[in-house]
Amino acid sequence: MQTANRQPQGIPVGGQFAATTHAEPGVSLDAGVPAYDDDAQKARLAAIAEKSKAISKLQAEMDLLNIDAAIGSVRKHFPDAAYLCVDRARHGWTGAALDEYAPKSLQDKEGNEITANDPKWFYRRDPGDDNIDPGVSIHMSRLGRSFFSYEHEGIRYDPETGNHVIDMNHKFAA
């Protein structure tokens, strides 16, 4: 065990311990760190752009599949429904708009609401359901945040209600 050299008692300068010599630390900067490479950075940015485009395409395909799946879920219980009305989902007690969409109502071909007396229609499931179809509300919540900001054939905006109206007789997915 080594002990540090102490200053002799009575010396008013220095500190408690006497100065000693030390070896250089064993740490050095690695000379192998690559410098900025403009070509490599351009290649990375191009790959990011390519992957982002692929993700956007897949999200659009998923959105259309979810719309068709929501329509299929509605048809099971409301075969006469013609329009599915959707709006931004809202936070329960603050009312703030969330980044997902929620089903609001179903309408018949004349535009009359057919779910007014059934506030939980979008959760409807059959007893003993095998949970393969998660239901209308789940399909709608899976839509991308910007889905309704683009014009899609078969969907219109109703300025009177603020809802997006989906024509259930339109096939959305390819």
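Structural notes, computed from the coordinates. (Residues numbered from 1 in each chain as written. Predicted model: local features only at pLDDT ≥ 70, side-chain atom pairs only at ≥ 80, totals over all residues. Heavy atoms only, no water.)

## As for the packing of aromatic side chains
Tallied over the full model, the rule gives four aromatic pairs. Relative to Trp-121, the ring of Phe-78 has its centre 6.2 Å away and its plane inclined at 90°; by these criteria the two rings are edge-to-face. Here Phe-78, found in the loop between helix 1 (38-77) and strand 1 (83-90), pairs with Trp-121, found in the loop between strand 2 (97-107) and helix 2 (136-141); they are 43 residues apart in sequence, far enough to count as distant. Accessibility assignment for this pair places Phe-78 and Trp-121 in one class, buried. Judged by centre distance (5.4 Å) and plane angle (80°), the rings of Trp-121 and Phe-122 are edge-to-face. A relative accessible area of 3% means that Trp-121 is categorised as buried. Taking the relative accessible area as the measure of exposure, Phe-122 reaches 15% and is therefore buried. Over the face of the ring belonging to Tyr-83 we find Arg-156, whose NZ or CZ atom lies 5.8 Å from the ring centre. (Phe/Tyr/Trp six-rings, centres within 6.5 Å; stacked < 30°, edge-to-face > 60°. Helix = DSSP H or I, 4+ residues; strand = E, 2+ residues; numbered from the N terminus. Buried < 20%, exposed > 50% of the residue type's maximum accessible area, 1.4 Å probe, protein only. Lys NZ or Arg CZ within 6 Å of the ring centre and 35° of its normal.)

## A few points about the pattern of salt bridges
Taken as a whole and judged by the stated rule, the model has two salt bridges. With a shortest N-O distance of 3.2 Å, Lys-42 and Asp-38 are connected by a salt bridge. Residue Lys-42 and its partner Asp-38 are both found in helix 1; the two are separated by four residues, about one turn of the helix. (Salt bridge = Lys/Arg side-chain N within 4 Å of Asp/Glu carboxyl O.)

Structural measurements only, silent on function.
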